[in-house]
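So the chains spell out like this:
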Amino acid sequence: MRRIDLLGVDEVPDGTMKMAWVDGTDQVLVINTNGRLDAVQGVCSHEYFELDKGFLTASTLTCALHLSRFDLESGEALDPPAELPLAVYAVVVEDGRILIDVPDGPLEVND
Ligand code: FES
């Protein structure tokens with residue numbers, strides 16, 4: 001298991017999302033909805049498109065390229081054309097930092 005430091009809690013105010021880089025190659029999107037923090041893969045599972053350009057509701061994230069919606073909790077794709085879920089990562093908040101706990105090895109990303 002490894003714990004990865006993404007961002008400061010104050011960098012992601014309620015109702016916003018912000019991208020963080022992991023290992024210099026992967027992007028993780030941190031989302032704050034009503035004070036709940038979620039972390040999901042930063043690039044769409046359908047094609048290469050950065051999800052911080054998407055649209056947020058209380059429980060979903062919509063990809064701006066082809067408008068698939070994803071459930072923030074499960075990562076599940078709710079409409080076509082995306083079929084694969086987004087990888088979701090376990091968030092831990094510690095000392096004002098947002099971290100994720102992930103298995104050792106390369107970050108899991110669905111594409
Ligand atoms: S790239 Fe996101 S739905 Fe197509």
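These numbers were taken from a predicted model, which means no experiment stands behind them.

Colleague: What exactly am I supposed to notice about the overall build of the protein here?
Modeller: Helix and strand content of the protein: zero helices and nine strands. Ordered by position from N to C terminus, the α and β elements of the protein give β-β-β-β-β-β-β-β-β. Against the compact-globule benchmark of 13 Å for 111 residues, the protein has a radius of gyration of 13 Å, which places it among compact chains. Overall size of the protein, expressed as C-alpha extent along the three principal axes, is 40 × 30 × 20 Å. In the protein, which comprises 111 residues, the proportion classed as buried is 26%. Considering only residue pairs separated by 6 or more positions, the protein has 40% of its internal contacts joining residues 24 or more positions apart.

Colleague: I would appreciate a short explanation of unusual backbone geometry in the present structure.
Modeller: Peptide bonds are mostly trans, and most non-glycine residues show a negative phi. Omega for the peptide link from Pro80 to Pro81 comes to 5°, which places this bond in the cis form. With respect to the helices and strands, the residue Pro81 is situated in the loop between β7 (69-71) and β8 (88-94). The backbone of Asn34 sits at a positive phi, close to 50°, despite the residue not being glycine. Summarising the element assignment, Asn34 is placed in the loop between β3 (26-33) and β4 (36-41). In the Ramachandran plot, Asp95 falls in the positive-phi region, its phi being about 50° despite a non-glycine side chain. Overall, Asp95 belongs to the exposed group, with 7 C-beta atoms counted inside 10 Å.

Colleague: Where do I start with the sheet that holds β4 in this structure?
Modeller: Strand order in the open sheet made by the six strands is β1-β9-β8-β4-β3-β2, with antiparallel pairing throughout. Two strands close off the open sheet at either side, each with one partner strand: β1 (2-8) and β2 (16-22). Ignoring strand direction, the axes of neighbouring strands in this sheet form an average angle of 30°. Here β2 pairs with β3 via seven bridges, running antiparallel. Across the sheet, Thr16 pairs through a bridge with Asn32, a residue of β3.

Rules used in this analysis
- Residues numbered from 1 in each chain as written.
- Predicted model: local features only at pLDDT ≥ 70, side-chain atom pairs only at ≥ 80, totals over all residues.
- Helix = DSSP H or I, 4+ residues; strand = E, 2+ residues; numbered from the N terminus.
- Rg over C-alpha atoms; globule rule 2.2 N^0.38 Å.
- Buried ≥ 20, exposed ≤ 12 C-beta atoms within 10 Å, placed from the backbone.
- Contact = placed C-beta atoms within 7 Å.
- Pairing = 2+ DSSP bridges.
- Axes fitted to C-alpha atoms, helices over the stretch in contact; angles between N-to-C directions.

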